[in-house]
Amino acid sequence: MAGNRTFTMIKPDAVGNNHTGHIIAKISEAGFRIVAMKYLRLTPERAGEFYAVHSARPFYKDLVKYMSSGPIVAAILEKDNAVEDFRKLIGATDPAKAAPGTIRNLYAKSIDANAVHGSDSDENAAIEGNFFFSLTERY
Ligand code: CMP
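The structure contained in this document is the topic of the report that follows. (Residues numbered from 1 in each chain as written. Predicted model: local features only at pLDDT ≥ 70, side-chain atom pairs only at ≥ 80, totals over all residues. Heavy atoms only, no water.)

Some thoughts on the side chain of S68
Then, number 1: Within the secondary structure layout, S68 lies in the loop between α4 (60-67) and β3 (72-78).
Then, number 2: Here the side chain of S68 touches K65 through a polar contact of 3.2 Å, landing on its backbone oxygen.
Then, number 3: Setting aside residues no more than four positions away along its own chain, S68 makes contact with R41, L42, T43, P44 and A47. (Helix = DSSP H or I, 4+ residues; strand = E, 2+ residues; numbered from the N terminus. Polar contact = N/O pair within 3.5 Å; in protein donor to acceptor, adjacent residues only side chain to side chain. Contact = heavy atoms within 4.5 Å.)

Now the structure itself:
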């Protein structure tokens with residue numbers, strides 16, 4: 001059975017371009033409940049740790065630099081079938097391939113500055129949520 005929680009980050013490009021409110025509204029309108037949320041800036045070390053799974057990929061260095069370049073919003077979201085439904089809401093990783101009306105289609109600029117992150121499995125949703133939030137920070 002699919003889990004009911006996912007994890008997201010609104011990335012530096014979207015926060016810097018004042019899209020935070022619009023993106024949170026889209027998430028809420030799509031039926032997700034916000035379980036935890038915080039505004040912060042990642043250090044390069046923490047960004048590297050978060051994306052360690054990509055450390056062998058050619059884009060890793062730029063990704064870490066980019067994700068620590070400005071503030072982000074991290075959140076845990078709740079809804080039935082959360083991981084899959086959220087990935088549909090945000091669209092393809094490359095905004096040029098994201099379906100019309102998806103968050104990346106509306107707000108992302110490039111595959112690096114792609115507005116939002118969404119967990120790709122229930123297991124990673126739990127790992128990523130735990131990376132940012134302690135048990136007493138969720139509701
Ligand atoms: P995200 O869902 O946060 O997970 C890893 C990120 O790496 C991805 O979004 C993109 O922003 C970034 N990235 C850069 N180049 C690529 C690529 N070729 N394939 C996948 N992700 C990429």
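Remarks on the site of the ligand
Then, number 1: Taken together, K11, Y51, H54, F59, L63, T93, R104, I111, D112, N114 and H117 make up all the residues around the ligand.
Then, number 2: Y51 is positioned such that a nitrogen or oxygen atom in its side chain is 2.6 Å from an oxygen atom of the ligand.
Then, number 3: A total of 450 Å² of accessible area belongs to the ligand in isolation, and the protein chains cover 79% of it.
Then, number 4: When each cavity is represented as a set of grid points, the ligand is found to reside in the largest pocket.
Then, number 5: Among the residues forming the shell around the ligand, the class breakdown is four nonpolar, four polar and three charged. (Near = heavy atom within 4 Å. Areas by Shrake-Rupley, 256 points an atom, 1.4 Å probe, with all protein chains shown as cover. 1 Å grid on protein atoms, 1.4 Å probe; cavity = no way out; pocket = protein on both sides within 12 Å on 5 of 7 lines; lining within 4 Å. Sits in = over half its atoms within 2 Å of the grid points. Nonpolar A, V, L, I, M, F, W, Y, C, P; charged D, E, K, R; others polar.)

Structural notes on the layout of surface pockets
Then, number 1: Taken as a whole, the largest pocket spans an internal volume of roughly 660 Å³.
Then, number 2: Around the largest pocket sit 24 residues that line it, and Y51, V53, H54, L63 and H117 are the ones nearest its centre.
Then, number 3: Looking at the lining of the largest pocket, the elements with two or more residues in it are α3 (44-50), α5 (82-90), β4 (116-118) and α7 (122-132).
Then, number 4: The leading source of residues in the lining of the largest pocket is α7, at four residues.
Then, number 5: Partitioning the lining of the largest pocket into residue classes produces nine nonpolar, seven polar and eight charged. (Points joined across faces, edges and corners; volume = space filled by probe spheres on them.)

A few points about the packing of aromatic side chains
Then, number 1: Enumeration over the complete set of coordinates arrives at eight aromatic pairs.
Then, number 2: Seen from their ring centres, F7 and F50 are 5.9 Å apart, and the 45° between their planes marks the pair as tilted. Here F7 is found in strand β1 (residues 5-10), whereas its partner F50 is found in helix α3, with 43 residues between them in sequence.
Then, number 3: Their ring planes at 75° and their centres at 5.4 Å tell us that F50 and F131 sit as a pair that is edge-to-face. With F50 in helix α3 and F131 in helix α7, the pair connects residues that are 81 residues apart, well separated along the chain.
Then, number 4: Taking the relative accessible area as the measure of exposure, F50 reaches 10% and is therefore buried. (Phe/Tyr/Trp six-rings, centres within 6.5 Å; stacked < 30°, edge-to-face > 60°. Buried < 20%, exposed > 50% of the residue type's maximum accessible area, 1.4 Å probe, protein only.)

Notes on the sheet that holds β1
Then, number 1: Ordered by their spatial adjacency, four strands build an open sheet running β2-β3-β1-β4, and the pairing between neighbours is antiparallel. Of all the strands in the sheet, just β2 (33-40) and β4 have a single pairing partner and so form its edges. For this sheet the average axis-to-axis angle between neighbouring strands, irrespective of direction, equals 15°.
Then, number 2: Pairing of β1 with β3 involves six bridges; the strand directions are antiparallel. Paired with T8 across the two strands is A75, which belongs to β3. (Pairing = 2+ DSSP bridges. Axes fitted to C-alpha atoms, helices over the stretch in contact; angles between N-to-C directions.)

Description of the environment of I90
Then, number 1: Among the secondary structure elements, I90 is positioned in helix α5.
Then, number 2: Separated by 23 residues in the primary sequence, I90 and A113 have C-alpha atoms spaced 13 Å apart.
Then, number 3: With residues up to four places along the chain from it excluded, the contact list for I90 reads T102, I103, R104, V116, H117 and G118.

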